[in-house]
Every structure is written in C-alpha cells, then in structure tokens.
Amino acid sequence: MAPRTSARVVYVGRSESADVRATDIVLDEKARARFTLTTPSGSVPVELAVHGEHQVGNALAAAAVALECGADLEQVAQASPAPPRGVGASDGCPRPATV
C-alpha cells in the first residue's frame, strides 16, 4: 500500500527497519509485556497492563499514531499504563479453567 499513497508511511514492528519498533520484549508471570519502544527520536521503556505478547503490535500501532499526532516518547510511555499491583481483574482467572 505504501507506494499507492502520498501520505507519510510509518512502519511498525520488531524489524530493525521499522520506524517504531519494539526491542527487548519480556513477558512477566502473567504474560504482560515489557519492551523498549524505539523510534528515530529515541527510546523509552513500556510496560503493558494487558496480557499477551501479541499486544505489543497493538501498542506499537497506537504509539505510531500518537507520535505522528505530536505526542513525545514520554507521553506515549505514560499512556501505556503499567500493570496494576494487587488483586484485580488483570490478575487473571483465580481458578484453573479449560476453554
């Protein structure tokens, strides 16, 4: 699609060629991702409150849009709330289940 638009194209992903990328991805014991958000203007640590490594891609896309709209890296990192501490909905199912 990039060749078909006159708009600026921002690539996101894990590749070194991506404009907005994730490096150093680590999952905690509840499968919440921490990573370094890397852009041409710098890097910042990000800790997601949602479960699953697949959420990193969603966070990168949201970060790219925010950065294109004028947010800085610190604002982007602060907009990605860290996991809550203590008991709550984000702590997962309290008993084993098969779905």
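Analysis parameters
Think of each chain on its own: its residues are numbered from 1, step by step along the sequence as written. A pLDDT threshold of at least 70 governs which residues receive local features in this predicted model, and a stricter bar of 80 or more applies before side-chain atom pairs are shown or counted, although totals over entire chains, interfaces and linings include all residues. The side-chain quantities take in all heavy atoms of the structure and omit both hydrogens and water. The helix count covers DSSP runs of H or I at least four residues long, the strand count covers runs of E at least two residues long, and both are numbered beginning at the N terminus. Between buried and exposed lies partly exposed: a residue is buried under 20% and exposed over 50% of the maximum accessible area for its type, with that area taken using a 1.4 Å probe on protein chains only. Any pair of residues with heavy atoms lying within 4.5 Å of one another is described as a contacting pair. Here the open area of atoms and residues is found with the Shrake-Rupley method and a 1.4 Å probe, where only the protein chains shown may cover a residue. What we call a nonpolar core is a set of buried Ala, Val, Leu, Ile, Met, Phe, Trp, Tyr and Cys residues that are connected through their side-chain atoms within 4.5 Å.

*Asks:* Explain the overall build of the protein to me, please; I cannot follow it from the model alone.
*Replies:* When helices and strands are tallied, the protein shows 2 helices and 4 strands. The order of helices and strands in the protein, counted from the N terminus, is β-β-β-β-α-α. Going through the 99 residues of the protein one by one, you find that 28% of them count as buried. Summarising the internal contacts of the protein: among those between residues at least 6 apart in sequence, 42% fall at separations of at least 24. Accessible surface, the protein as shown: approximately 6700 Å² in total, 55% of it carbon and sulfur.

*Asks:* Is there a simple way to think about the nonpolar core in this case?
*Replies:* Most often, soluble globular proteins keep nonpolar side chains buried together rather than apart. Grouped together as the largest cluster of nonpolar side chains are 16 residues, with contacts concentrated most on Phe-35, Leu-37, Leu-48, Val-56 and Leu-60. Secondary structure elements with two or more residues in this core: β2 (20-27), β3 (32-39), β4 (42-51), α1 (55-68) and α2 (73-79). Looking at which element gives the most residues to this core, the answer is α1, with 5 residues.

*Asks:* Please explain unusual backbone geometry as it appears in this structure.
*Replies:* Glycine aside, negative phi is the norm for most residues, and most peptide bonds take the trans geometry. A positive phi is found at Asp-24, a non-glycine position, where the angle reads about 55 degrees. When its relative accessible area of 59% is taken as the criterion, Asp-24 is described as exposed.

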